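Inside the fold
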Protein chains: 2
Amino acid sequence: MEDKYLSIMQFSKLMREVFRIIKKRIGETNEDDLKITPEQIGLLHAISMTDEDVIQKDMAELMGKDKSAILRLIDSLEEKELIRRVVDKNDRRKNYLMVTKHGDRVLKNYLAIVYEIMDEIQEGISESDIATFKKVLARVKHNAEKL
Amino acid sequence: MEDKYLSIMQFSKLMREVFRIIKKRIGETNEDDLKITPEQIGLLHAISMTDEDVIQKDMAELMGKDKSAILRLIDSLEEKELIRRVVDKNDRRKNYLMVTKHGDRVLKNYLAIVYEIMDEIQEGISESDIATFKKVLARVKHNAEKL
DNA sequence: TAAATTAGTTGTAAATATCAACCAATTAAT
DNA sequence: ATTAATTGGTTGATATTTACAACTAATTTA
C-alpha cells in the first residue's frame, strides 16, 4: 500500500546507522579534534561550502533551524576554535562566520573518513544508479522547498 | 571531487525539511493527538509494522538505539495511551509492546498526512527512478549493516 | 544451589531544539 | 531630526532525545 512512497522512517534509521559508523571510525582514530557531533560538523561543513560570506541568520535559514539553535552551535564551534565570529564593519549587528585553518583541517579529516565509509557503503551500486539516486534527491529537495 | 559520493549532510537537511513540512501540516489540522515527535511516531510505526510481537529489547535493536532511550520513548507513548506494555506470562522480565486502538488511529492519520506530502514531494519523478532510488537505499542499508 | 545472563529501570549528563523576551544597531516614516 | 519599526543576535526557560553506567528482578546455566 505504501509501496510507492519513500519511507521517511527508514530514512531516519539509515541516517542513524551511518552516523553510528562514523562515530565508531572516529573513535578508532584517537584524534580528539574529530570528536565533534553531527550537528556541529554539519554546520561547519555548511559554512565552509557557501560561496559568499555568511552571517548567523543566513545559516539559520540555510539549515532550517531557529536562530538560537544556530547561535548555540556556533558557540560550540567557536569554543573549539573551528570558526570565528567577525563583526561586520558596516553593520555592527552582523557576525560573519569564518572557518579557521584548524576548522578547515578538522573538516577535511572528518570528510576523509566519511568518504571512506561512503565508498564501502556504495559498494556494488552502479554509477548510473548513484546518479539516478542523486537526481531523485535533488528533485525531492526542490519539491520540498515549495511546501 | 566529492561528486561520486552521496552527501550525508544534504540528507540530514532534507530530512529536517520534510519533518518541518509534516509539522506544519499537522499544525494546520488542529488535531492534538497528532502532535507527536518524529522519534515517537517512528517508534510507534516500527512497533506496528513488525510481524511478531516485540519486547523493548527488540525495538532497541531494530531502531539502533540504547535500551534506555527506547524505554523513555515507550514511556512517552504509553503516557499518550498509544501503546501498552504487557508482561509476558512465561517470562516476567519481558514487556510486550501492544499498539492500542487509539495508537492505530493516530498512526493512520499521521501516515495519511505523510503520504499526502510524499505525493507532492515525489511529483515529477518517474516510477522507475523511485524504484531505483529504493533499490539503492536498500543496498546502502545492507552494506551499512556490516560496518 | 550458586553463578551468569537477560530485560528492564533509574540516575546522570550532554546535546539539541523551540519559544518568547530582550538589547542594540540600523533603516524607514512622520 | 526624532520617533517608530525592523533586523540580527543573545539569553532564559523548558522539553526531547540520547548514551553510559549502575542497579534490580527474573530466568537459565553450571
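Attention now goes to the protein's contact with DNA strand C. The immediate surroundings of DNA strand C are formed by 24 residues, with A:Thr37, A:Lys65, B:Lys57, B:Leu71 and B:Arg93 found nearest. If you look at DNA strand C and keep only atoms within 4 Å of the protein, 61% of those are sugar or phosphate atoms. Take B:Arg85: an N or O atom from its side chain is 3.2 Å from a phosphate oxygen of DNA strand C. Contact between DNA strand C and B:Asn95: a phosphate oxygen at 2.8 Å from a main-chain N or O atom of the residue. Listing elements by their share of the surface near DNA strand C, those giving two or more residues are helix 2 (38–49) and helix 4 (67–79) of chain A together with helix 3 (56–63) and helix 4 (67–79) of chain B. Partitioning the surface near DNA strand C into residue classes produces four nonpolar, seven polar and 13 charged.

Within the largest apolar cluster, 92 residues are counted, with the highest numbers of intra-cluster contacts made by A:Leu43, A:Met59, B:Leu43 and B:Met59. Those residues in contact with B:Met59, other than ones at most four positions away along the chain, are B:Leu43, B:Ala46, B:Ile47, B:Val54, B:Gly64, B:Ile70 and B:Leu97.

Looking now at the packing of aromatic side chains. Evaluation of the coordinates by the stated rule reveals four aromatic pairs over all chains. On the basis of an interplanar angle of 0° and a centroid distance of 4.1 Å, the ring pair of A:Phe133 and B:Phe133 is categorised as stacked. Taken together, the positions of A:Phe133 in helix 6 (residues 127–145) and B:Phe133 in helix 6 (residues 127–145) put the pair across two chains. Each member of the pair, A:Phe133 together with B:Phe133, is buried. Ring pairing ties together the aromatic residues A:Phe11, A:Phe133, B:Phe11 and B:Phe133, which thus form one cluster.

Bringing the protein's contact with DNA strand D into the picture now. With respect to spatial proximity, 24 residues lie near DNA strand D, and among them A:Lys57, A:Arg93, B:Thr37, B:Lys65 and B:Ser68 are the closest. Side-chain polar atom of A:Lys67 to a base oxygen of DNA strand D: 2.8 Å apart, as the coordinates give it. Here a phosphate oxygen of DNA strand D sits 3.2 Å away from a polar atom, N or O, in the side chain of B:Glu39. Every element with two or more residues in the surface near DNA strand D is listed here: helix 3 (56–63) and helix 4 of chain A together with helix 2 (38–49) and helix 4 of chain B. Its residues assigned to classes, the surface near DNA strand D comprises four nonpolar, seven polar and 13 charged.

With an axial shift of 0.0 Å and an RMSD of 0.2 Å, the rotation relating chain B to chain A amounts to 179°. Both copies of the chain, as the preceding transformation shows, are related through a two-fold rotation axis. For chain B, the residue whose C-alpha comes nearest the rotation axis is B:Phe133, separated from it by 2.5 Å. The overlap is high: 98% of the interface residues of chain B also sit at the interface in chain A, so the same surface is used on both sides.

Attention shifts here to the packing of helix 1 (residues 8–29) of chain A against helix 1 (residues 8–29) of chain B. Two elements in contact, helix 1 of chain A and helix 1 of chain B, have axes whose closest approach is 11 Å; the angle formed by their N-to-C orientations is 145°. Between helix 1 of chain A and helix 1 of chain B the crossing geometry is left-handed. Residues A:Ile8, A:Phe11, A:Ser12, A:Met15, A:Val18 and A:Phe19 of helix 1 of chain A form the contact with helix 1 of chain B, whose participating residues are B:Ile8, B:Phe11, B:Ser12, B:Met15, B:Val18 and B:Phe19.

Let us look at the confidence of the model for chain A. Of all residues in chain A, 96% have pLDDT values of 70 or greater, and the mean over the chain is 92. Mean pLDDT values over the elements of chain A span from 87, in helix 1 of chain A, up to 98, in strand 2 (residues 95–99) of chain A.

Turning our attention to the interface of chain B and chain A. Interface size is commonly expressed as the accessible surface area that is lost when the partners come together. At the interface, 57 residues of chain B touch 56 residues of chain A. Note on chain B versus chain A: buried area summed over both sides is about 5,900 Å², and carbon and sulfur give 66% of it. Of all residues in chain B, B:Tyr5, B:Phe133 and B:Leu147 bury the most surface against chain A, accounting for 13% of the area lost on that side. Counting across the chain B and chain A interface gives two salt bridges. One salt bridge in this structure joins A:Asp129 and B:Lys135, with 2.8 Å as the shortest N-O distance. Here chain B is connected to chain A by twelve residue pairs in polar contact (both at pLDDT 80 or more). Listed by contribution, the elements that provide at least two residues to the side of chain B that touches chain A are helix 1, helix 2, helix 3, helix 5 (101–121) and helix 6 of chain B. Per-element tally for the side of chain B that touches chain A: the top contributor is helix 1 of chain B, with 16 residues.

Calculation criteria
Residues numbered from 1 in each chain as written. Chains lettered and ligands numbered in written order. Predicted model: local features only at pLDDT ≥ 70, side-chain atom pairs only at ≥ 80, totals over all residues. Heavy atoms only, no water. Near = heavy atom within 4 Å. Polar contact = N/O pair within 3.5 Å; in protein donor to acceptor, adjacent residues only side chain to side chain. Helix = DSSP H or I, 4+ residues; strand = E, 2+ residues; numbered from the N terminus. Nonpolar A, V, L, I, M, F, W, Y, C, P; charged D, E, K, R; others polar. Core = buried A, V, L, I, M, F, W, Y, C linked by side-chain atoms within 4.5 Å. Buried < 20%, exposed > 50% of the residue type's maximum accessible area, 1.4 Å probe, protein only. Contact = heavy atoms within 4.5 Å. Phe/Tyr/Trp six-rings, centres within 6.5 Å; stacked < 30°, edge-to-face > 60°. Least-squares fit on C-alpha atoms with pLDDT ≥ 70 in both. Axes fitted to C-alpha atoms, helices over the stretch in contact; angles between N-to-C directions. Left-handed = near helix turned anticlockwise from the far one by under 90°. pLDDT = per-residue confidence, 0-100. Buried area = accessible area lost by both parts, 1.4 Å probe. Salt bridge = Lys/Arg side-chain N within 4 Å of Asp/Glu carboxyl O.

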